[in-house]
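As a plain string of letters, each chain reads:
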Amino acid sequence: MSGKYLLAIDQGTSSSRTVIYDQRTRAVASAQQEFPQIYPHSGWVEHDPEAIWDSVTAVTRSALQKAAAVAADIAAIGITNQRETTLVWDRESGRCVYNAIVWQDRRTAAQCRALKKQGLEESVTGKTGLRLDPYFSASKIAWILDNVDGVRERAESGKLAFGTIDSFLLWRLTGGKVHATDVTNASRTLLFNIHTQQWDEDLLQMFSIPASMLPEVRDCVADFGIASAECLGGEVPVRGIAGDQQSALIGQAGFHSGMTKSTYGTGCFVVANTGETALRSHNQLLTTIAMRLDGKVTYALEGSVFVAGSAMQWLRDEMRIIEAAPETEDVARRTGVVEDVYVVPAFAGLGAPYWDPDARGAILGLTRGSSSDDIVTATLQSVAFQTRDLIDAMAEDGIRPSVIRVDGGMVANDWFLQFLADILGLPVERPQNVESTVLGAAFLAGYGAGFVTSPDEIEALWQRDAIFEPRMSADLRGKLLAGWDAAVVRVRTAD
């Protein structure tokens with residue numbers, strides 16, 4: 001395969017980014033662009049599909065320009081993406097029939113509750129490893145089919161296509177020639193049987209979704225077609241796709257059973273490799289597919305927190321307490337650990353291990369002496385507390401990591417990582433390249449291009465930047481966690 005560079009596209013919840021890497025996955029150039037969030041009603045979150053596409057093409061062209069590269073210099077493209085976010089588009093025009101419904105969106109909570117009351121969740125979880133929750137794609141697809149005029153009829157006549165963000169980008173990149181996804185994204189739709197590795201007819205019937213809408217499911221490294229010259233100025237093969245959290249696990253070289261990573265982007269996602277075993281959680285965690293390479297499936301246990309980095313955006317944009325997220329480290333250093341104020345950032349409900357879509361955020365423990373610095377620090381602490389909830393649930397399921405590898409925008413904050421290590425009671429490792437999600441996409445593209453020939457070679461490229469060892473007293477840790485648990489009880493609406 002010709003070309004000396006790899007091009008990785010990371011289409012996230014709040015921004016799109018493209019990074020160009022050399023053959024040893026060293027970053028050569030990058031570009032990033034935020035795009036608008038749309039909140040039509042309480043609990044609803046949408047994106048404009050054209051804004052997503054425009055941002056992806058803009059950052060890709062910018063990165064190429066910064067690298068002084070052209071399409072012929074790119075050996076392969078890798079794509080990673082916000083998962084579960086749902087799009088439905090016309091096969092003729094390529095235009096979406098409705099805005100993208102984002103993974104955070106809770107509009108279908110009532111539908112999911114109704115299915116639970118019918119006793120269907122046990123069967124759904126057995127097949128998909130997931131829960132009947134608005135988080136996943138299936139109920140979002142059903143909502144579009146049932147609430148946008150004429151869409152169900154067009155879907156049933158084969159005129160419409162469904163896809164998560166990766167599928168939509170692939171369709172656009174290939175000029176509508178390829179309608180496909182990878183197994184990790186498929187495993188997050190609530191329609192894919194993770195044991196048979198196929199779309200499930202019973203689940204399609206449950207949500208009244210025509211099978212003709214669905215993309216073909218491929219390995220994470222596969223021939224995903226050719227990105228057209230219209231997009232990149234020349235033809236480039238697409239060789240790797242993985243959902244963002246699985247891509248981060250790959251970027252953290254998490255190829256062995258028991259390896260665990262926690263990503264701090266818009267949300268917080270803890271993923272533990274469970275090898276060939278699809279471990280069934282007894283603590284409301286998710287069983288999912290970590291990757292499928294060369295036809296071999298690796299499973300994972302995952303805990304999802306809906307609000308992490310987006311809480312920093314809330315402090316910046318809505319509360320206007322800070323001007324930029326990096327300020328939070330200085331604030332926390334001068335404030336120190338806040339023992340009495342708790343922020344529960346349940347802006348879109350509570351994720352694992354609670355799964356309470358109707359919970360809403362709260363600030364608890366305020367006194368006349370409470371300051372904006374206390375609120376900022378308590379918001380940082382809330383992300384560590386939520387991570388602890390996930391790690392404790394995993395431990396009860398039999399996964400007890402000896403160390404946690406972290407990545408994402410928040411891990412530049414040393415104060416936060418020390419507090420995280422203290423609350424978890426575990427060492428926290430930060431890699432030299434903290435952008436593990438987009439790096440994972442580059443690894444997949446490099447695998448597909450033949451730059452690396454095995455996961456072992458990828459593992460050899462991983463390097464540690466720093467390690468944070470726990471040092472908080474057991475008494476203080478216990479007090480803080482008791483306060484957090486009491487605060488969560490205050491906002492919960494479900495048992």
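Look above for the structure.
Below is a summary of the structure that appears in this document. Counting from 1, residues in each chain are numbered in the order their sequence is written. Owing to the predicted nature of the model, reporting of local features is limited to residues with pLDDT of at least 70; listing and counting of side-chain atom pairs is limited to 80 or more, with chain, interface and lining totals taken over all residues. Computation of side-chain values covers all heavy atoms of the structure but excludes hydrogens and water.

1. Regarding the environment of D485
For clarity, the threshold we go by: Numbering of helices and strands starts at the N terminus; helices are DSSP runs of H or I of at least 4 residues and strands are runs of E of at least 2. Any pair of residues with heavy atoms lying within 4.5 Å of one another is described as a contacting pair. For this analysis, a polar contact is any N or O atom pair within 3.5 Å, provided that within protein one partner can donate a hydrogen and the other can accept it, and provided that sequence-adjacent residues contribute only side-chain to side-chain pairs.
Looking at the element boundaries, D485 is found in helix α17 (residues 474-491). For D485 and Y342, which are 143 residues apart along the polypeptide, the C-alpha to C-alpha distance reads 10.0 Å. Excluding residues within four positions of it along the chain, D485 makes contact with R388 and D389. A distance of 2.8 Å separates polar atoms of two side chains, one belonging to D485 and the other to R388.

2. A closer look at the side chain of R218
Going by this rule: Relative accessibility under 20% of the residue-type maximum defines a buried residue, over 50% an exposed one, and the middle range a partly exposed one, all with a 1.4 Å probe and only protein chains included.
Position of R218 relative to the elements: it lies in strand β12 (residues 216-218). By relative accessible area, which is 19% here, R218 ends up buried. At 3.2 Å, the side chain of R218 forms a polar contact with the side chain of E216. Within the structure, the side chain of R218 is placed 2.6 Å from the backbone oxygen of D223, a separation counted as a polar contact. Setting aside chain neighbours within four positions, we find R218 in contact with V178, A180, T181, D182, V183, D223, F224 and R292.

3. Examining the side chain of S262
Within the element layout of this structure, S262 appears in strand β15 (residues 260-264). Looking at S262, the relative accessible area reads 0%, which means it is buried. At a separation of 3.0 Å, a polar atom in the side chain of S262 contacts the side chain of Y264. Discounting chain neighbours no more than four positions away, the residues touching S262 are C268, F269, V270, T387, I404, R405, V406 and D407.

4. Brief notes about the sheet that holds strand β1 (residues 5-11)
Short version of the rule: Criterion used throughout: strands pair if DSSP finds at least two bridges between them. Think of each axis as a best-fit line through the C-alpha atoms, taken over the contacting stretch in the case of a helix, with angles from 0 to 180 degrees between the N-to-C directions.
Strands sit in the order β3-β2-β1-β5-β14-β13 across an open sheet of six strands; the sheet is mixed. Bordering the open sheet on either side are β3 (27-34) and β13 (226-227), each of which pairs with just one other strand. Packed on one face of the sheet, helix α10 (residues 244-251) meets β5 (74-81) and β14 (236-243) and runs near 100° to β14.

5. Topic: the sheet that holds strand β18 (residues 296-305)
Strand order in this open sheet of seven strands is β17-β18-β16-β15-β21-β22-β23, and the pairing throughout is mixed. The open sheet is flanked by β17 (286-293) and β23 (464-468), the only strands paired with a single partner. Here the average twist between neighbouring strands, direction ignored, is 30°. The pairing of strand β16 (residues 268-275) with β18 spans seven bridges and is classified as antiparallel. When the sheet's bridge partners are listed, A272 is paired in β18 with L301.

6. Here we look at the pairing of strand β2 (residues 15-21)
With seven of seven residues buried, β2 lies mostly within the body of the structure. Connecting β1 to the next strand, β2, in antiparallel fashion are three residues.

7. Some details on the pattern of salt bridges
Worth spelling out the cut-off: Salt bridge criterion: a side-chain nitrogen from Lys or Arg within 4 Å of a carboxyl oxygen from Asp or Glu.
Applying the stated criterion across every chain, the model contains 35 salt bridges. One salt bridge connects E46 with R107, and the closest N-O pair in it is separated by 2.8 Å. Of the two residues, E46 is situated in strand β4 (residues 46-47) and R107 in the loop between β7 (100-101) and α2 (109-117); the sequence distance between them amounts to 61 residues. Relative accessible area serves as the criterion here: at 3%, E46 is assigned to the buried category. Under the relative-accessibility criterion, R107 is labelled buried at 12%. Across the pair D105 and R107 runs a salt bridge whose closest N-O atoms are separated by 2.9 Å. With a relative accessible area of 1%, D105 lands in the buried category.

8. As for the pairing of β15
Most of β15 is tucked away, with five of its five residues classed as buried. Both faces of β15 are covered, namely the face carrying T260, S262 and Y264 and the face carrying K261 and T263. The pairing of β15 with β16 spans five bridges and is classified as antiparallel. Paired with T263 across the bridge in β16 is F269. The turn joining β15 and β16, which pair antiparallel and follow one another in sequence, is formed by three residues. Bridge analysis of β15 against strand β21 (residues 404-407) gives three bridges, and the strand direction is parallel. Looking at β21, one finds that T263 is bridged to D407.

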